[in-house]
Amino acid sequence: MTDNHQCVMEDGGQVHSNTLLEETFYVTSKKNTYYKVRLTEKGLSLEKDNNGATKVETIVLNDIIGCRCMRSKRKSAGSCVCGPGTSRSQFKLVESVEAYQSYDEFDTSAYLYIYAYTLKKARMKGIKRRERTTITLRFRSFDKYEDNLREASRWRLAIKCLIVGLPVPKSFMSPSHENLESLISACPGEQRKILVLLNPKSGPGRGRETFQKRIHPILSEAERPYDVHITKCPNYAREFVRTRDIYQWSGLLMVGGDGIVFEVVNGLFQRPDWEKALKELSLGVIPCGSGNGLAKSIAYAKQEPYDYNPLLVSALSVVKFKKAQMDLVRVETRNQILFSFLSVGWGLLADIDIESERLRAIGGQRFTIWTIARLIGLRTYKGKVSYLACDKVPSVENLGNGKAYNEYAQETQISHSRSCGDDLDRYSKISESKSFHDAIDGDPAIFDGSFDSCDDNEIISDNITLETEAERRQRLDSFYSATSAKSTYFSTGSISSYHSIDDPNNEDIDPENSSQVMYGPSSRLPALTSEVSNSWTQIEGEFVMVHAAYQSHLGQDYFFAPRAKLADGVIWLMIIKAGITRANLLQFLLGLNNGTHVTRSGVDMIPVKAFRIEPEEGANGYITVDGEKVDYGPLQAEIFPSLASVMSP
């Protein structure tokens, strides 16, 4: 048995869990080989029996994202009607909604496609990754399609309920329940669509192509309908969420970099009903930008193998029906109030972020190039930094990825780049996730024993096709009604839509004349123009950089705050004073990719609840909030724990 999947076994491989459904399936290409397939509350259990030798493996529930019912159809409709001996390569599968089209009247089977993304170990360095697995269960025990569809629909109903965490209706699981229409209509699902805001110019500018090829198939497999709106100018997404009835959607998915997330977050705080919006709508992000710090931080917090395939891991977060709380930071300058989800920067890293914009076309490598330039021409900035230290901060045994945090421990201070780009195609050998159409139509061998090429030591392959025995069995009397199938099974692609320039409702969005009124929680700090209290620590002098972060990563390869969690109520404030040697600064920048930068001499990282930056009057420089340039001058920030929620794997 492989160690690629989690198993639930006791007493010689027998699965002990409440079995909801059970069926025996066969592999036609192998004699004396059959599978006992059980659906339990833990997942899908496959017990393989080959000449008396048995192996059991479970695809855990958390790895399954969706399932669909299909039936076979002739590819060349209108040609002569062939008998049952027709070559299998002439058939394909269609959803039940397409049953009115010309389908194979000789094949009464109902096919249940189950889509899962299982955690496997890569061949190199034991790195884990998510890989697509499709299991096809062919129900053909009865001589009428409607009867076989009823059996497949029973499995589909149970799987759908388990995925969304609803109780499986036991009355529907009994073979005595014969009403196909009620089985189909009982399937749970979110009726509202996801709002997708796509920035076509983010990062290298491949947002549209990325979404269509890599994200849409996964949303389709999970039957998550969506509306896509293409951003047309800066602050378009901000105005969209500020002015629209966003409650018609089930969540907000941003396709782009951290810039579009910044727009959406601040657009929500320009709504009088900001509190309701943040509570009811979780935020998701598909990393197509140059930084992608939030996407990496979410995956890191949930111990998902993000680096191997960032788009896949992020897309799976969208379809899992799960959410995680996330801290937000209220930022105040002389002229505006903002809400930040990632970081505030002054000095070296802020300079690199803003000045490298001219190299945006090359993607994340722009940060590497500009880092070298700024090291050669190192700048320092005079001013004052004040902060309110945390009384308690989360501790961790070490900085390695995937380590669990301990309970809060007393600690107030820790004394002592590579590119932070996304590199969407850095692993060119990763194949794109196929939609169910691609998986079926593009591989006629799916009916010709594709499992034949699998290693006998492997139970789960990329695609496994099983079927009930060929002999007809009369479990129950056949019946004929299946009128609801046409309206119930639908293609996500057919009800999801793009909206761009042609959308007439977009005409009322005018970012130039947007309202600047900001709502949100009120500040608990002294006014920016007044002095801070004695409980604050103040440092005055010359600084190379001051950077505050509240997520673990500022970019894919930018492991800035190793001890940060999504919702820990802590701002991690890093201060590097003038006087640090270029050698130490280089080691600091090189250590950003693995978190060792915090141990470098001259680098202080302090857990705080609030901080204030006051640059010297009359000087020039950059201050950034989530990578966006703000007014250069006094700024103060404070954290509000668990103010928002994000889509989580």
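The rules behind the values
Residues numbered from 1 in each chain as written. Predicted model: local features only at pLDDT ≥ 70, side-chain atom pairs only at ≥ 80, totals over all residues. Heavy atoms only, no water. Helix = DSSP H or I, 4+ residues; strand = E, 2+ residues; numbered from the N terminus. Buried < 20%, exposed > 50% of the residue type's maximum accessible area, 1.4 Å probe, protein only. Areas by Shrake-Rupley, 256 points an atom, 1.4 Å probe, with all protein chains shown as cover. Pairing = 2+ DSSP bridges. Phe/Tyr/Trp six-rings, centres within 6.5 Å; stacked < 30°, edge-to-face > 60°. Lys NZ or Arg CZ within 6 Å of the ring centre and 35° of its normal. Axes fitted to C-alpha atoms, helices over the stretch in contact; angles between N-to-C directions. Parallel < 35°, antiparallel > 145°, perpendicular 65-115°, else oblique. Left-handed = near helix turned anticlockwise from the far one by under 90°. Contact = heavy atoms within 4.5 Å. Nonpolar A, V, L, I, M, F, W, Y, C, P; charged D, E, K, R; others polar. 1 Å grid on protein atoms, 1.4 Å probe; cavity = no way out; pocket = protein on both sides within 12 Å on 5 of 7 lines; lining within 4 Å. Points joined across faces, edges and corners; volume = space filled by probe spheres on them. pLDDT = per-residue confidence, 0-100. Salt bridge = Lys/Arg side-chain N within 4 Å of Asp/Glu carboxyl O. Disulfide = S-S within 2.5 Å.

Novice: Summarise the overall build of the protein; cite the residues concerned and give the values.
Specialist: When helices and strands are counted, the protein shows 15 helices and 26 strands. Counting only residues that meet the buried cut, the protein has 57% of its 649 residues in that class. Accessible area for the protein stands at about 26700 Å²; split by element, carbon and sulfur atoms hold 47% of it.

Novice: Quick rundown of the pairing of strand 15 (residues 343–347)? Include the residues and the values.
Specialist: Of all five residues that make up strand 15, five are buried, and the element is covered over most of its length. Inspection of the sheet shows strand 15 paired to strand 21 (residues 537–549) by five bridges, in the antiparallel sense. Bridging from a neighbouring strand, Gly 345 pairs with His 547 of strand 21.

Novice: I'd love a proper account of unusual backbone geometry, names of residues and values included.
Specialist: Residue Glu 223 is not a glycine yet carries a positive backbone phi of 55°. Checked against the element boundaries, Glu 223 lands in the loop between helix 4 (207–221) and strand 10 (226–230). Owing to a relative accessible area of 10%, Glu 223 belongs among the buried residues under this scheme. At Asp 626, a residue that is not glycine, the phi angle is positive and equals roughly 55°. As for its position among the elements, Asp 626 is in the loop between strand 24 (623–625) and strand 25 (628–630). For Asp 626, a relative accessible area of 4% gives the class buried.

Novice: Now, about the packing of aromatic side chains: what can you tell me, with residues and values included?
Specialist: Under the defined criterion, the tally for this structure stands at 13 aromatic pairs. Judged by centre distance (6.1 Å) and plane angle (45°), the ring pair of Tyr 26 and Tyr 34 falls under tilted. Residue Tyr 26 is classed as partly exposed on the basis of its relative accessible area, which comes to 30%. Given the relative accessible area of 25%, Tyr 34 is considered partly exposed. Members of the aromatic cluster, connected to one another through ring pairs, are Phe 25, Phe 139 and Trp 155. Here Arg 224 stacks its cationic end above the ring of Phe 321, 4.1 Å away from the centre of that ring. Above the ring of Tyr 247, the side-chain terminus of Lys 276 is found at 4.3 Å from the ring centroid.

Novice: Describe the packing of helix 4 against helix 9 (residues 310–319), naming the residues involved and giving the relevant values.
Specialist: Close contact between helix 4 and helix 9 brings their axes to 9 Å; oriented N to C, the two are set at 40°. Accordingly, the angle class assigned to the pair helix 4 and helix 9 is oblique. The two elements helix 4 and helix 9 meet at a crossing, and its hand is right-handed. Of the residues in helix 9, those touching helix 4 at Thr 210, Arg 214, Ile 215, Ile 218 and Leu 219 are Leu 311, Leu 312, Ala 315, Leu 316, Val 318 and Val 319. Partitioned by chemical class, the residues of the contact of helix 4 with helix 9 number nine nonpolar, one polar and one charged.

Novice: Could you give an account of the environment of Ser 250, with specific residues and numbers?
Specialist: Looking at the secondary structure, you find Ser 250 in strand 11 (residues 249–256). Taking the C-alpha atoms as reference points, Ser 250 and Tyr 226, 24 residues apart in sequence, are found 9.2 Å from one another. With near-sequence residues (within four places) excluded, Ser 250 lies in contact with Glu 190, Arg 192, Lys 193, Ile 194, Arg 224, Glu 280 and Leu 281.

Novice: Break down empty space enclosed by the protein for me, with residues and values.
Specialist: Of the pockets and cavities examined, the second largest cavity occupies roughly 80 Å³. Around the second largest cavity, the lining residues are Gly 284, Val 285, Ala 295, Ile 298, Ala 299, Tyr 306, Val 313, Ser 314, Ser 317, Val 318 and Met 647. Of all elements in the fold, only strand 12 (282–287), helix 8 (293–301) and helix 9 reach the threshold of two or more residues within the lining of the second largest cavity. The element that contributes the greatest number of residues to the lining of the second largest cavity is helix 9, accounting for four residues.

Novice: Talk me through the confidence of the model for the protein; I want residue IDs and the actual numbers.
Specialist: Of all residues in the protein, 72% attain a pLDDT of 70 or more, and the chain-wide mean is 77. Here residues 1–16 scores under 50 on pLDDT; set against residues more than four positions off or in separate chains, the count is 36 contacts. Considering only residues more than four positions removed or in separate chains, one finds that residues 96–100, a stretch of pLDDT under 50, has ten contacts.

Novice: Explain the pattern of salt bridges to me, using residue names and the numbers behind them.
Specialist: For the structure on display, the rule yields 23 salt bridges. When the shortest N-O distance is used, the salt bridge between Arg 38 and Glu 47 registers 3.1 Å. Under the relative-accessibility criterion, Arg 38 is labelled buried at 11%. The closest approach of N and O atoms between Arg 138 and Asp 107, which form a salt bridge, is 3.4 Å. In this pair, Arg 138 sits in strand 8 (residues 128–139) while Asp 107 sits in the loop between strand 6 (91–95) and strand 7 (110–121), placing the two residues 31 residues apart along the sequence. Taking the relative accessible area as the measure of exposure, Arg 138 reaches 12% and is therefore buried. Exposure remark for Asp 107: the relative accessible area of 9% places this residue in the buried category. Salt bridges sharing common partners tie together Asp 147, Arg 150, Glu 151 and Arg 154.

Novice: For helix 6 (residues 258–268), give the residues involved together with the corresponding values.
Specialist: For helix 6, the buried fraction is high: ten of the eleven residues fall into the buried class. All buried positions along helix 6 are accounted for by Asp 258, Ile 260, Val 261, Phe 262, Glu 263, Val 264, Val 265, Asn 266, Gly 267 and Leu 268.

Novice: Help me get a handle on the packing of helix 5 (residues 236–243) against helix 6, residues and values and all.
Specialist: Where helix 5 contacts helix 6, the two axes come as close as 7 Å, and the packing angle between them is 30°. With respect to their mutual orientation, helix 5 and helix 6 come out roughly parallel. The handedness of the crossing between helix 5 and helix 6 is right-handed. Here Tyr 236, Ala 237, Arg 238, Val 241 and Arg 242 of helix 5 come into contact with helix 6, specifically with Ile 260, Glu 263, Val 264, Asn 266, Gly 267 and Leu 268. Here the contact of helix 5 with helix 6 is composed, by residue class, of six nonpolar, two polar and three charged.

Novice: Could you give me a rundown of the side chain of Glu 304, with the residues and numbers involved?
Specialist: Tracing the sequence through the fold places Glu 304 in the loop between helix 8 and helix 9. Among the residues examined, Glu 304 registers a relative accessible area of 12% and is labelled buried. If near-sequence neighbours (up to four positions away) are discounted, Glu 304 is found in contact with Arg 130, Ala 299, Val 313 and Pro 649.

Novice: Got a sec to walk through the state of the cysteines? Specific residues and values, please.
Specialist: According to the stated counting rule, one finds zero disulfides in the structure shown. A disulfide-free cysteine, Cys 67 has its sulfur positioned 6.7 Å from the sulfur of Cys 187, the nearest such atom.

Novice: Before we move on, could you go through the environment of Ala 389 and cite the residues and values that matter?
Specialist: Tracing the chain through its elements places Ala 389 in strand 16 (residues 381–389). Accessibility expressed as a relative area gives 25% for Ala 389, which makes it partly exposed. Excluding its chain neighbours within four sequence positions, the residues that come into contact with Ala 389 are Pro 607, Val 608 and Lys 609.

Novice: Tell me about the pairing of strand 2 (residues 33–40), and please be specific about residues and values.
Specialist: The buried count for strand 2 comes to six of eight residues, which makes it a mostly enclosed element. By the bridge criterion, seven bridges tie strand 1 (residues 19–26) to strand 2 in an arrangement that is antiparallel. Each residue of the ladder has a partner; that of Glu 23, found in strand 2, is Val 37. In sequence, strand 1 turns back onto strand 2 through a hairpin of six residues, with Asn 32 there showing a positive phi of about 60°. Bridge count for strand 2 against strand 3 (residues 43–50) is eight bridges, and the pairing is antiparallel. Within strand 3, the residue paired with Thr 40 across the bridge is Gly 43. Between strand 2 and strand 3, which pair antiparallel and follow one another directly, the connecting turn spans two residues.

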